[in-house]
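Listed below are the residues making up each chain.
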Amino acid sequence: MNRTIKVTPLLLLCLICGSSIAGDRALTNTWSSPYVTFRCTDINDVHWTTGFWADRFATCETSMVPTLWRVLSDPKTCPAYDNFLIAAGQKQGRHHGAKWFDGDFYKWLETAATVYGITRDPALDRQMDEIIAVIAQTQRPDGYIHSPVVIQERTQSSAASAFQERLDFETYNMGHLMTCACVHTRVTGKTSLLNVARKAADYLYRLYKTSPEIVANNAICPSHYMGVVEMYRTTHDPKYLELAKGLIEIRDLVTLGTDHNQDRHPFRKQTEAVGHAVRANYLYAGVADIYAETGDPSLLTTLETLWEDVTYRKLYVTGATGALYDGASPDGSRNHTAIQLVHQAYGRPYQLPNVTAYNESCATIGYALWNWRMLTITGQARYADVLEHVLYNGVLSTISLDGTKFFYRNTLRQVDDLPFELRWSDQRVPYISCFCCPPNIIRTMAEVSSYAYSLTDRGVWVNLYGSNVLNTQMADGSVIKLTQETDYPWGGTIRFSIDRCPTGTWSLFLRIPGWATDAKVLVNGKPVSFAIKPDQYVDLNRQWSRGDKCELILPMQPCLIEAHPLVEEARNQVAVQRGPIVYCLESSDLPNGTDIDDIALTATPAFKAQYDPKLLGGITVIKTNAQYLPEKDWKNTLYRKVSTDKPKVVEVSLIPYYAWGNRGESEMTVWIPRR
């Protein structure tokens, strides 16, 4: 059953004064969404206590948020906040930097709001108030808000007009404003930023009604799909739902549509993920939100088709997406006139290069957002499985362990001295000229706790594992409080204690990862009597009482992973995975003079996993014997006879992929030859 929340004076009072009813403070507020399976916990319902995710959240709070504020507020480094000050009339000057800097700043502000929602840090609350006052001053009376145009209008430095260039990213910026404003309102009870977002959404609605082709042509990296739906969920204003549904329909009005922007063909007729991977994944996540409110079966059918195309044919073993720096779409078509250029893009099925993997950080985050919404809609464990895999590997690898440096693109094989140029740094750096990824990364780090659990009328569903306390309210007003204790992902034992629960029968659903064969579940020390299957939720339905215990034991043996035969760059190679963590070989762990290309694994390697609390913030290292055969000089040589030299046996150490590149410059590979 789904619960509908009416807009009552009590609800408005709750929003204004900060008191809470169940679900009104969720990150993605699906409590009134009629076509979802899962409802979301409130932002403050889950608190990491110790261990892996507690450490990441602490780094986010103490390092990531203040570090990015210093970057975004320093006009000599990144003029994002300075642009707002100029647009507000508090400083003189002109717009500097990318047209999408507004949206990037909103991502940081959403991160700050989420952290505040969990920590209740009054200094952070005051800082947000000061920033929001500036942002509000940049908005035109008609609701339009976009600092490049507003600054031009204020200074009259050049002709200024809204929506004249689709690559100005106006709707992208507005979408992130809306999402940020909804989160801010939910955690503070204040409407200062929500009022700004409402005016912007109203402006977009009026433009949609009068000039839908303008809105359609400017749907670039369409964060506003998610933003408009979240505005509807927050305000319950029906015109925002009308706008959200219309955003899909008017895509057919786009002139000169492209695969690059996923608007060459009507959305419902798309069967393959093509073009810019960030734009694609944002689109798919936004359409999932629209389905959750409308139940249009044609949207869900298309989403499932596209998800299977990405997940089964275009996804890296690390969970990253968007293989190509530059490419053609459709690549190899007999019809030459149909071929278009694409960048930062999905390629052909199984086209997954390693050295030249692009994998923009924002694309991986967009894929996580999409999977979270598909999980919420369907309740299927496969989406949670992918979400977990993406978070531990594709997302965590984008940021340094200290939370101050970032990757824009994410390779699976780092090689020094390439004979060709690749855009972006091969090391994490504090500032990237295209600064969209860093605030998106830290936003994701702050919000992981909101993905940990889901709720239904039947009980509590555990999506992610990590030591935490859940204190949540069910739809009927009853309270469930439980404690989770584990050293996951290094150890496979997860313990739950029931601290408070309603009378009567309800279920605790534990997700069994797809890699976890032979998992075991015990309730109050006794094994359950039914089979435990991977890639499903185990339903522990009983009359729970305070003090009851539940234990999940997952096998954590390292295993070899092979790729589909059509993934040519992984032929005759293997990757190593333990639990949800993908591992890599880094040159920092090899003897001097040893190249990563000199190493190969045996057909049946014997692995030894050992936790090292002093290495890279505390990781489990995998050691194994490997074959070492030094490569001969390849200068002026393209092909040669295979060497008959016998390899030596050496011990190698593998580290989690997310941790590579934190010990200075190095070479690295995920895929390792197998002899």
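Residues numbered from 1 in each chain as written. Predicted model: local features only at pLDDT ≥ 70, side-chain atom pairs only at ≥ 80, totals over all residues. Heavy atoms only, no water.

**What about the layout of surface pockets?**
- Taken as a whole, the largest pocket spans an internal volume of roughly 1,200 Å³.
- In terms of lining residues, the largest pocket is bounded by 32 residues, among which Arg413, Asp597, Glu631, Trp634 and Arg640 are the most central.
- When grouped by side-chain class, the residues that make up the lining of the largest pocket number 12 nonpolar, seven polar and 13 charged.
- Taken as a whole, the second largest pocket encloses approximately 840 Å³ of empty space.
- Among the secondary structure elements, those contributing two or more residues to the lining of the second largest pocket are helix H13 (297-313), helix H15 (381-395) and strand S17 (559-561).
- Looking at which element gives the most residues to the lining of the second largest pocket, the answer is H15, with six residues.
- Class assignment of the residues belonging to the lining of the second largest pocket gives a composition of 18 nonpolar, seven polar and seven charged. (1 Å grid on protein atoms, 1.4 Å probe; cavity = no way out; pocket = protein on both sides within 12 Å on 5 of 7 lines; lining within 4 Å. Points joined across faces, edges and corners; volume = space filled by probe spheres on them. Nonpolar A, V, L, I, M, F, W, Y, C, P; charged D, E, K, R; others polar. Helix = DSSP H or I, 4+ residues; strand = E, 2+ residues; numbered from the N terminus.)

**Brief notes about the sheet that holds strand S8 (residues 459-462)**
- With mixed pairing, five strands are arranged side by side in an open sheet as S1-S7-S8-S12-S15. Each end of this open sheet is capped by a strand with a single partner; those strands are strand S1 (39-40) and strand S15 (536-542).
- Inspection of the sheet shows strand S12 (residues 506-512) paired to S15 by seven bridges, in the antiparallel sense. Residue pairing in the sheet places phenylalanine 509 in a bridge with aspartate 539 of S15. (Pairing = 2+ DSSP bridges.)

**Some details on the nonpolar core**
- Core analysis: the largest hydrophobic core is formed by 222 residues, its most contacted members being Trp108, Ile135, Trp370, Phe496, Leu508 and Leu510.
- Counting residues per element, this core draws most heavily on helix H12 (residues 277-294), which supplies 12 residues.
- Not counting residues within four places of it along the chain, the set of residues in contact with tryptophan 108 comprises Val65, Leu68, Trp69, Leu72, Gln127, Ile131, Pro439 and Ile442. (Core = buried A, V, L, I, M, F, W, Y, C linked by side-chain atoms within 4.5 Å. Buried < 20%, exposed > 50% of the residue type's maximum accessible area, 1.4 Å probe, protein only. Contact = heavy atoms within 4.5 Å.)

**Observations concerning the environment of tryptophan 660**
- Among the secondary structure elements, tryptophan 660 is positioned in the loop between strand S23 (648-656) and strand S24 (668-669).
- Each C-alpha atom of the pair tryptophan 660 and serine 397 lies 7.6 Å from the other, and the pair is 263 residues apart in sequence.
- In contact with tryptophan 660, other than residues within four places in its own chain, are Phe407, Thr411, Gln414, Asp426, Arg428, Cys584, Glu586, Ile655, Ser666 and Met668.

**What to know about helix H11 (residues 238-249)**
- A rise of 1.5 Å per residue sets the reference length of H11, with its 12 residues, at 16 Å; its end C-alpha atoms lie 17 Å apart and thus fit the reference within 8%.
- Along H11, the residues that are buried comprise Tyr240, Leu241, Leu243, Ala244, Gly246, Leu247 and Ile248.
- The inward-facing, buried residues of H11 abut helix H8 (192-210), helix H9 (212-217), helix H10 (223-235), H12 and H13. (Expected span 1.5 Å × (residues − 1).)

**A few points about empty space enclosed by the protein**
- By the definition in use, this model includes five cavities of 30 Å³ or more.
- In this structure, the largest cavity is lined by 14 residues; those nearest its centre are Glu110, Thr179, Leu369, Arg373 and Arg443.
- Those elements that place two or more of their residues in the lining of the largest cavity are helix H7 (170-188), H10, helix H14 (361-378) and helix H16 (437-447).
- Size it by volume and the second largest cavity reaches roughly 60 Å³.
- Around the second largest cavity, the lining residues are Thr28, Thr30, Val36, Arg233, Ala288, Asp289, Ala292, Trp372, Arg373, Thr376 and Ile377.
- Broken down by secondary-structure element, the contributors of at least two residues to the lining of the second largest cavity are H12 and H14.
- Taken together, the residues that form the lining of the second largest cavity break down as five nonpolar, three polar and three charged.

**Concerning the sheet that holds strand S4 (residues 324-329)**
- Ordered in space as S3-S5-S4, the three strands form an open sheet in which the pairing is antiparallel. Each edge of the open sheet carries a strand with a single partner, namely strand S3 (275-276) and S4.
- Examined bridge by bridge, S3 and strand S5 (residues 340-346) share two bridges and lie antiparallel to one another. Bridge pairing in S5 places histidine 276 opposite alanine 345.

**Quick word on the pairing of strand S7 (residues 453-456)**
- Neither face of S7 is open: one carries Tyr453 and Leu455, the other Ser454 and Thr456, and all of them are buried.
- Where S7 and S8 come together, four bridges link them in antiparallel fashion. What sits directly across from threonine 456, in S8, is glycine 459.

**Some details on the side chain of threonine 411**
- Relative to the helices and strands, threonine 411 resides in the loop between H15 and strand S6 (413-414).
- Residue classification places threonine 411 among the buried positions, given a relative accessible area of 3%.
- Within the structure, threonine 411 has its side chain in polar contact with the backbone oxygen of arginine 413 (distance 2.9 Å).
- Contacts of threonine 411, omitting those with residues within four sequence positions, involve Asn354, Val355, Ala357, Tyr657, Trp660 and Met668. (Polar contact = N/O pair within 3.5 Å; in protein donor to acceptor, adjacent residues only side chain to side chain.)

**Describing the environment of leucine 455**
- Mapped onto the fold, leucine 455 is located in strand S7.
- For the pair leucine 455 and glutamate 230, spaced 225 residues apart in the sequence, the C-alpha separation amounts to 19 Å.
- In this view, leucine 455 contacts Trp31, Thr37, Phe38, Arg39, Thr41, Val460, Trp461, Thr472, Gln473 and Met474; residues no more than four positions away in its chain are not counted.

**Remarks on the packing of aromatic side chains**
- As enumerated under the stated definition, the model contains 40 aromatic pairs in all.
- Taking the centre distance of 4.8 Å and the plane angle of 50° together, the rings of tryptophan 372 and tyrosine 451 count as tilted. Of this pair, tryptophan 372 sits in helix H14 while tyrosine 451 sits in the loop between H16 and S7; the two residues are 79 residues apart in sequence, bridging distant segments of the chain. Each member of the pair, tryptophan 372 as well as tyrosine 451, carries the same accessibility label: buried.
- Above the plane of the ring of tryptophan 31 lies arginine 39, whose end atom (NZ or CZ) is 4.7 Å from the centre.
- Above the face of the tryptophan 634 ring, arginine 640 is positioned so that its terminal group lies 3.7 Å from the ring centre. (Phe/Tyr/Trp six-rings, centres within 6.5 Å; stacked < 30°, edge-to-face > 60°. Lys NZ or Arg CZ within 6 Å of the ring centre and 35° of its normal.)

**Some points on the side chain of histidine 224**
- Residue position: histidine 224 is located in helix H10.
- In contact with histidine 224, other than residues within four places in its own chain, are Thr171, Gly175, Leu204, Ala219 and Leu247.

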